[in-house]
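Reading the structure
Chain by chain, the residues run as shown.
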Amino acid sequence: MSHNPTAAGRPVAKSAHIISLSDDSYIRLTHGALLGVSFAHLISGVDDESPDSIGRGMDVSPISGYTEWVSTLTPVLSVGWDWRMNGSSGRVRCERLVTPRSNVMLIDDQGRDLGAARTAELLGAVVDALGWQAEVIADITSRYS
């Protein structure tokens, strides 16, 4: 996807009908256009206490948290999700827990909304392909150590 720089230094999508901010605050774009969007890590944090460990007297509670990523174009797409660390394989890694939260509504080629459930499902696949885990671990290590 080609981009034109703005005065603020963020690329703007060339064609307003491909990516646009709607009156309901969703940014509507096709799945194909979404696949061409680059995302950058904004922030990650650790939950104060894991809901699974409350009241159970667990000695070790799993580490869980949240992360937020934003597009590198304007209008800015925001995608966030919850994660949990898992060390069962002998290596620490993060796994996404829920479908992403976002200001994105995917549309079909005729401009019709795909709906919240289908959009969340497709955003989940995009998130899973980001390779976000190392960035989250590095950010929380830096913030909490």
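Further remarks concern the overall build of the chain. Along the backbone of the chain there are 3 helices and 10 strands. For the chain, the succession of helices and strands along the chain, N to C, is β-β-β-β-α-β-β-β-β-β-β-α-α. Relative to its 145 residues, the chain shows a buried fraction of 35%. Carbon and sulfur atoms form 51% of the exposed surface of the chain, whose accessible area is close to 8400 Å².

Turning our attention to the side chain of Asn-103. Summarising the element assignment, Asn-103 is placed in the loop between strand 9 (101-102) and strand 10 (104-107). For Asn-103, the side chain forms a polar contact with the main-chain oxygen of Val-76, separated by 3.1 Å. Beyond its immediate chain neighbours, meaning those up to four positions away, Asn-103 contacts Ser-25, Tyr-26, Ile-27, Val-76, Leu-77 and Ser-78.

Excluding glycine, most residues fall at negative phi; most peptide bonds, likewise, are trans. Going from Thr-74 to Pro-75, the amide bond is cis rather than trans, its omega being 0 degrees. You can see Pro-75 is positioned in the loop between strand 6 (64-71) and strand 7 (78-86). One non-glycine residue, Ser-25, lies in the positive phi region at around 75 degrees. With respect to the element layout, Ser-25 can be found in the loop between strand 3 (19-21) and strand 4 (27-30).

Turning our attention to the sheet that holds strand 10. Remark on secondary structure: sheet strands pair via backbone hydrogen bonds, oriented parallel or antiparallel. Spatially, 3-4-10 is the arrangement adopted by the 3 strands of the open sheet, whose pairing is mixed. The sheet terminates laterally at strand 3 and strand 10, the two strands that pair on one side only. Each neighbouring strand pair of the sheet contributes to a mean axis angle of 25 degrees, computed without reference to strand direction. As paired strands, strand 4 and strand 10 are joined by 4 bridges and run parallel to one another.

Should the pLDDT be low somewhere, the predicted coordinates at that spot are not to be read in detail. Per-residue confidence for the chain gives a mean pLDDT of 83, with 79% of residues at or over 70. Ignoring residues within four places in sequence, the model shows residues 1-17, a span with pLDDT below 50, making 29 contacts including any to other chains.

Cut-offs and rules
- Residues numbered from 1 in each chain as written.
- Predicted model: local features only at pLDDT ≥ 70, side-chain atom pairs only at ≥ 80, totals over all residues.
- Heavy atoms only, no water.
- Helix = DSSP H or I, 4+ residues; strand = E, 2+ residues; numbered from the N terminus.
- Buried < 20%, exposed > 50% of the residue type's maximum accessible area, 1.4 Å probe, protein only.
- Areas by Shrake-Rupley, 256 points an atom, 1.4 Å probe, with all protein chains shown as cover.
- Polar contact = N/O pair within 3.5 Å; in protein donor to acceptor, adjacent residues only side chain to side chain.
- Contact = heavy atoms within 4.5 Å.
- Pairing = 2+ DSSP bridges.
- Axes fitted to C-alpha atoms, helices over the stretch in contact; angles between N-to-C directions.
- pLDDT = per-residue confidence, 0-100.

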